[in-house]
Amino acid sequence: MTIIYNQIKDNQRQAIVLRSTNNKKLSSRNKRKWRYFVSGAGEYLGHIKLTFLFLAPVLAIGGFWLLIFGQTISADYKIYNLKQELSQIEEEINNLNEEVAAATSIEKVEKWAEENNFVKVKNFSYFDLSNKNLAQR
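Now for a look at the structure at hand. (Residues numbered from 1 in each chain as written. Predicted model: local features only at pLDDT ≥ 70, side-chain atom pairs only at ≥ 80, totals over all residues. Heavy atoms only, no water.)

## Let's talk about the overall build of the chain
Counting secondary structure elements, the chain contains four helices and two strands. Secondary structure of the chain in N-to-C order comes out as β-β-α-α-α-α. For the chain, the residues scored as buried account for 4% of the 137 residues in total. Sequence-distant contacts, at least 24 apart, represent 0% of the contacts inside the chain between residues at least 6 apart. Roughly 13700 Å² of accessible area belongs to the chain as shown, and the carbon and sulfur atoms make up 59% of that amount. (Helix = DSSP H or I, 4+ residues; strand = E, 2+ residues; numbered from the N terminus. Buried < 20%, exposed > 50% of the residue type's maximum accessible area, 1.4 Å probe, protein only. Contact = heavy atoms within 4.5 Å. Areas by Shrake-Rupley, 256 points an atom, 1.4 Å probe, with all protein chains shown as cover.)

## Here we look at unusual backbone geometry
One non-glycine residue, asparagine 117, adopts positive backbone phi at about 60°. Within the secondary structure, asparagine 117 is located in the segment after α4 (106-115). Judged by relative accessible area, which is 68%, asparagine 117 ranks as exposed.

## Details of the packing of aromatic side chains
Counted under the stated rule, the structure contains two aromatic pairs. Taking 5.2 Å as the distance between ring centres and 10° as the angle between the ring planes, the aromatic pair formed by tryptophan 65 and phenylalanine 69 counts as stacked. Taken together, the residues tryptophan 65 and phenylalanine 69, both in helix α3 (residues 47-103) and four residues apart, mark about one turn of the helix. You can call tryptophan 65 exposed: its relative accessible area is 54%. (Phe/Tyr/Trp six-rings, centres within 6.5 Å; stacked < 30°, edge-to-face > 60°.)

## Comments concerning a negative patch on the surface
A contiguous patch of negative charge on the surface is contributed by Glu107, Glu110, Glu114 and Glu115. With respect to the element layout, glutamate 115 can be found in helix α4. (Patch = residues over 30% accessible without salt bridge, like charges linked within 9 Å, V, L, I, M, F, W, Y side chains within 5 Å. Salt bridge = Lys/Arg side-chain N within 4 Å of Asp/Glu carboxyl O. Lys, Arg positive; Asp, Glu negative; His and termini not counted. Charge placed at Lys NZ, Arg CZ, Asp CG, Glu CD.)

## A short note on α4
Little of α4 is tucked away, with one of its 10 residues classed as buried. Remark: asparagine 117 follows α4 within two positions and exhibits a positive phi of approximately 60°.

As structure tokens, this is what we get:
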């Protein structure tokens, strides 16, 4: 509270009382309100500290969001690369299967058998183990 005396004619002094809002007592009802908290915190911590106090959680949440966003982009890129590698490997497997099919074609097997003196079989019977006589035809 500041008191200023104003001199008027005839040596009379008139007192002017200026009340400062800084010394205002808050009721218990008003203490819970947000604006009184902000103004009180601004007085005690200073505006820079108050700004940092309120911006720090926002910056932390923003940083975590960027971290998660970056990890998802990285994971998507890895998945894309793995899909590309998988398609290349599948293509190689298909080419190898075609080569195997060509290598084991009936004509090539017959040609190889003739070159190695194999005889063509006309009658083919399975080995019968239920017969006690193992010397079969």
